[in-house]
Amino acid sequence: MKGAHVNWQIHAFDSLSARQIYQLLQLRQDVFVVEQACIYSDIDDRDQSAEHVMGIVVDTPALVAYCRILPPGLRFEEVSIGRVVTRKGLRRNGYGTQVMRHAMRHCARRYPMQPIRLSAQQHLVAYYETLGFSVVSSPYDEDGIPHVEMLHSPE
């Protein structure tokens, strides 16, 4: 799948198929719960209000990267991007950056001139800075992992 052509899709929760919901929950669990050895409740009653950005390899059902967009007021005052994940074994191929850029463009269209906030694992700060985010909080613990809030201001 390395270098595969990816079809980027954005879905409201109600338009996701059962297979797509299963895939995104499985990918999130594989990475955030199993790989990172972090026991937490990933299913948090926010998915139903989110828009889901999915990178699916063309001509296969393989989900390579994913994130969700939460509307303003649901998690933060601002629109937010979260649950950013790339399938293990496919990282460092640009899929994470692609999913973030698709999400950021969608936010700019849907919420023009609004900042985007995210809660970043602290070791990923430099990565999110390359996408134009800036740290706006002190470090805090979220489910046993150091995080910081980051903000992307509209251009």
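Below or above, wherever it landed, is the structure these notes cover. (Residues numbered from 1 in each chain as written. Predicted model: local features only at pLDDT ≥ 70, side-chain atom pairs only at ≥ 80, totals over all residues. Heavy atoms only, no water.)

Remarks on the environment of H5
How we decide: Numbering goes from the N terminus for both helices and strands, where a helix is a DSSP run of H or I of at least four residues and a strand is a run of E of at least two. Type-normalised accessible area, obtained with a 1.4 Å probe on protein chains alone, sets the label of each residue: buried when under 20%, exposed when over 50%, and partly exposed for intermediate values. Here, residues are in contact when the closest pair of their heavy atoms is within 4.5 Å.
As for its position among the elements, H5 is in the segment before strand 1 (6–12). Classification of H5 as exposed rests on a relative accessible area of 60%. Residues H5 and P72, 67 residues apart in the sequence, show an inter-C-alpha distance of 32 Å. In this structure, H5 is in contact with I56, V57 and V58, ignoring residues within four places of it in sequence.

Quick look at the pattern of salt bridges
Worth spelling out the cut-off: Here a salt bridge means any side-chain nitrogen of Lys or Arg lying within 4 Å of a carboxyl oxygen belonging to Asp or Glu.
All chains considered together, the criterion is met by 12 salt bridges. The salt bridge involving D44 is made with R68; its shortest N-O contact spans 2.6 Å. In this pair, D44 is assigned in the loop between helix 1 (18–35) and strand 2 (51–57) and R68 in strand 3 (residues 63–70), connecting sequence segments 24 residues apart. Residues joined in a network through salt bridges with shared partners are R28, D42, D44, R46, D47, R68 and R83.

Notes on the side chain of S119
Where we set the bar: Definition of a polar contact: a pair of N or O atoms within 3.5 Å, with one able to donate and the other able to accept a hydrogen when the atoms are protein atoms, and with sequence-neighbouring residues admitted only if both atoms are side-chain atoms.
Tracing the sequence through the fold places S119 in strand 5 (residues 116–121). Of the polar contacts made by the side chain of S119, one reaches the side chain of Y140; its length is 2.5 Å. Separated by 3.1 Å, the side chains of S119 and E142 make a polar contact. Those residues in contact with S119, other than ones at most four positions away along the chain, are R75, F76, Y140, E142, H147, V148 and E149.

Considering the packing of aromatic side chains
For any pair of aromatic rings, the description rests on two quantities: the centre-to-centre distance and the angle between the ring planes. Going by this rule: Only Phe, Tyr and Trp rings take part, Trp by its six-membered ring, and two of them pair if their centres are within 6.5 Å. Stacked means planes under 30 degrees apart, edge-to-face means over 60, and tilted covers everything else. A ring is considered to have a charge above it if a Lys NZ or an Arg CZ atom is located within 6 Å of its centre and within 35 degrees of its normal.
One pass over the full model with this rule turns up two aromatic pairs. Between Y127 and Y128, the ring centres sit 5.1 Å apart and the planes meet at 65°, which makes this aromatic pair edge-to-face. Looking at Y128, the relative accessible area reads 7%, which means it is buried. On the basis of an interplanar angle of 80° and a centroid distance of 6.1 Å, the ring pair of Y128 and F133 is categorised as edge-to-face. We note R117 situated over the ring of F76; from NZ or CZ to the ring centre the distance is 5.8 Å.

This is a description of form; function is not addressed.
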